[in-house]
Amino acid sequence: MKGTVFDIQRFCINDGPGIRTTVFLKGCPLDCLWCHNPESKKLKPQLSFIKKHCILCGRCQEVCEYDVHEVTEKGHKIDYEKCVLCEKCVEACPAKALSIYGKEMNVEEVLSIVIKDKNYYDNSNGGLTISGGEAMSQFDFTFALAKSAKKREIHVTIETSGFGKSEDFDKIEPYIDLFLFDYKVTGNELHRKLTGVDRGLIDKNLNLLLYKGAKIILRCPIIPNYNLSHEHLESIYQLAKAHENIVMVEILPYHNLGESKVEQIGDGYAASEAYMPEEQEVEGWIKKLKEMGLQKIGRG
Ligand code: SF4
Ligand code: SF4
């Protein structure tokens, strides 16, 4: 059983309780305008180029057999579509400007990294977090990884947009200790406009998990000028109030990390009108939710 992994980060403290290892999988069916991991969207591995590292030496152009690179004294153009991921240019680049996002790994390879920090998990109530991309996109791999981790008595969390097959959520639920479930946008039309997909399936899966009694942290990215409205805050409150097994609401204020990453993979950034809110503004949102009556709230 192999999956395409784009990163494994140890000692994470923001992806669920305690100290955790977060496994980031490639592939996401959503297209959120503000995506902060754009390198995870495509399921397949892809070439990455960091322009500011490039010294225009032309080594990549010399070794590439597919005419992907065009290096002149004026700059470095890349035709990403032609790349077959042979890695020759990555190895040849003296400035570490090139790399490949995504690597095929099997479950045991991933677990051998995760298991290294078992003592830290046990002492901090931490564990494994499977993230993405969309963790449910590579369902068979995610399921096998979660099951194997549970067998080794590791706490397992999944970070998900909720967009996946309902039967998959149903099947994996017994092996997941905690769902970090996104609540991105209120209203279907706006949801489709900002994320590229309808809310219907996400709501269905959220309801399924709530019905099954899964433990859920509702994660709410707040993107000023896009999804922020009184109606949105009100619906976050109503949802959390209605369900005891939503144990916490986490507010995730917009940050612009994705902006520099899209350039590395040859894409453009879509959330140009978003801005990073001042601390005071974020506190204001949290205060509003508390005034509505929401107590189980924190920063993600
Ligand atoms: S990975 Fe291979 S095909 Fe892709 S740009 Fe580099 S040398 Fe060319
Ligand atoms: S080999 Fe690296 S530093 Fe040289 S031109 Fe290519 S990307 Fe730039």
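Position numbers for residues count from 1 along each chain, tracking the sequence in the order it is written. Written order decides the labels, with chains lettered from A and ligands numbered from 1. Local features are withheld for residues below a pLDDT of 70 in this predicted model, meaning they are given only at 70 or higher, and side-chain atom pairs are given and counted only at 80 or more; totals for whole chains, interfaces and linings count all residues. As a convention, hydrogens and water are excluded, and side-chain values are obtained from all of the structure's heavy atoms.

Under the annotation held in an unreviewed UniProt entry, the protein chain carries the name Glycyl-radical enzyme activating protein and is attributed to Irregularibacter muris. Under the UniProt heading Sequence similarities (unreviewed entry), the entry covering the protein chain gives this text: "Belongs to the organic radical-activating enzymes family." UniProt positions are given in the numbering used here, feature names are shortened, and annotations may be inferred rather than shown by experiment. In its Catalytic activity (unreviewed entry) section, the UniProt record describing the protein chain reads: "glycyl-[protein] + reduced [flavodoxin] + S-adenosyl-L-methionine = glycin-2-yl radical-[protein] + semiquinone [flavodoxin] + 5'-deoxyadenosine + L-methionine + H(+)".

Engineer: Before we go on, may I ask you to explain the site of ligand 2 in this structure?
Structural biologist: By convention in these notes, a residue is near a molecule or strand provided one of its non-hydrogen atoms lies within 4 Å of it. Close to ligand 2 lie 14 residues; Cys-54, Cys-57, Gly-58, Cys-60 and Cys-93 are nearest. Counting atoms within 2 Å of the grid points, the majority share of ligand 2 lands in the largest cavity. Two kinds of site are reported from a 1 Å grid over the protein atoms alone, namely cavities, where a 1.4 Å probe fits but cannot get out, and pockets, open sets with protein on both sides within 12 Å along at least five of seven lines, and residues are called lining when an atom falls within 4 Å of a point. For a cavity or pocket, the test is whether more than half of a molecule's atoms lie within 2 Å of its grid points; if they do, the molecule sits there.

Engineer: How do you make sense of the site of ligand 1 when you look at a structure like this?
Structural biologist: As a matter of local geometry, ligand 1 sits amid Leu-47, Cys-64, Tyr-66, Val-68, His-69, Cys-83, Val-84, Leu-85, Cys-86, Glu-87, Lys-88 and Cys-89. Using a 2 Å cut-off from the grid points, one finds that ligand 1 occupies the second largest cavity. When residue character is reported, Ala, Val, Leu, Ile, Met, Phe, Trp, Tyr, Cys and Pro are called nonpolar, Asp, Glu, Lys and Arg charged, and the others, Gly included, polar. Residue composition of the shell around ligand 1, grouped by class: nine nonpolar, one polar and two charged.

Engineer: Is there a simple way to think about the packing of aromatic side chains in this case?
Structural biologist: Two descriptors summarise a pair of aromatic rings, namely the distance from one centre to the other and the angle between the planes of the rings. Between the rings of Phe, Tyr and Trp (Trp by its six-membered ring), a pair exists once the centres lie within 6.5 Å; its type follows the angle of the planes, with under 30 degrees stacked, over 60 edge-to-face, and the other angles tilted. The full count for this structure, using the stated rule, is four aromatic pairs. Aromatic side chains Phe-6 and Phe-24 sit 5.6 Å apart centroid to centroid with 50° between the ring planes, which places their arrangement in the tilted category. Taken as a pair, Phe-6 in strand E1 (residues 2–12) and Phe-24 in strand E2 (residues 20–25) lie far apart in primary sequence, 18 residues in all. Taken as a pair, Phe-6 and Phe-24 share a single burial class, namely buried. Centroid distance Phe-11 to Tyr-120: 5.0 Å. Interplanar angle 85°. Geometry classified as edge-to-face. A residue pair is termed long-range when its members are at least 10 positions apart, and Phe-11 in strand E1 and Tyr-120 in helix H4 (residues 118–124) qualify at 109 residues. Each residue is assigned to one of three classes by its accessible area relative to the maximum for its type, calculated with a 1.4 Å probe on protein chains only: buried under 20%, partly exposed between the two thresholds, exposed over 50%. Phe-11 sits in the partly exposed class, given a relative accessible area of 42%. Grouped by ring-pair contacts, the aromatic residues Phe-139, Phe-143 and Tyr-175 constitute a single cluster. Working definition: helices are DSSP H or I runs of at least four residues, strands are E runs of at least two. Numbering for both runs from the N terminus.

Engineer: I keep staring at the state of the cysteines and nothing clicks. Help me out?
Structural biologist: When the sulfur atoms of two cysteines share a covalent bond, that bond is a disulfide. Count a disulfide wherever a pair of cysteine sulfur atoms falls within 2.5 Å. Applying the stated rule across the entire model yields zero disulfides. Looking at the unpaired Cys-32, the closest cysteine sulfur is the one in Cys-28, lying at 6.4 Å.

Engineer: Can you help me understand empty space enclosed by the protein in this one?
Structural biologist: One way to see where empty space is left: roll a probe the size of a water molecule over the atoms. Grid points are joined across faces, edges and corners, and a volume is the space filled by probe spheres set on the points. Within this structure, the stated rule accounts for two cavities of 30 Å³ or more. Its boundaries defined by the atoms lining it, the largest cavity holds a volume of some 90 Å³. For the largest cavity, the lining is made up of 14 residues, of which Cys-54, Cys-57, Cys-60, His-76 and Cys-93 are closest to its centre. For the lining of the largest cavity, the residue count by class is eleven nonpolar, two polar and one charged. Reported here for the second largest cavity is a volume of approximately 70 Å³.

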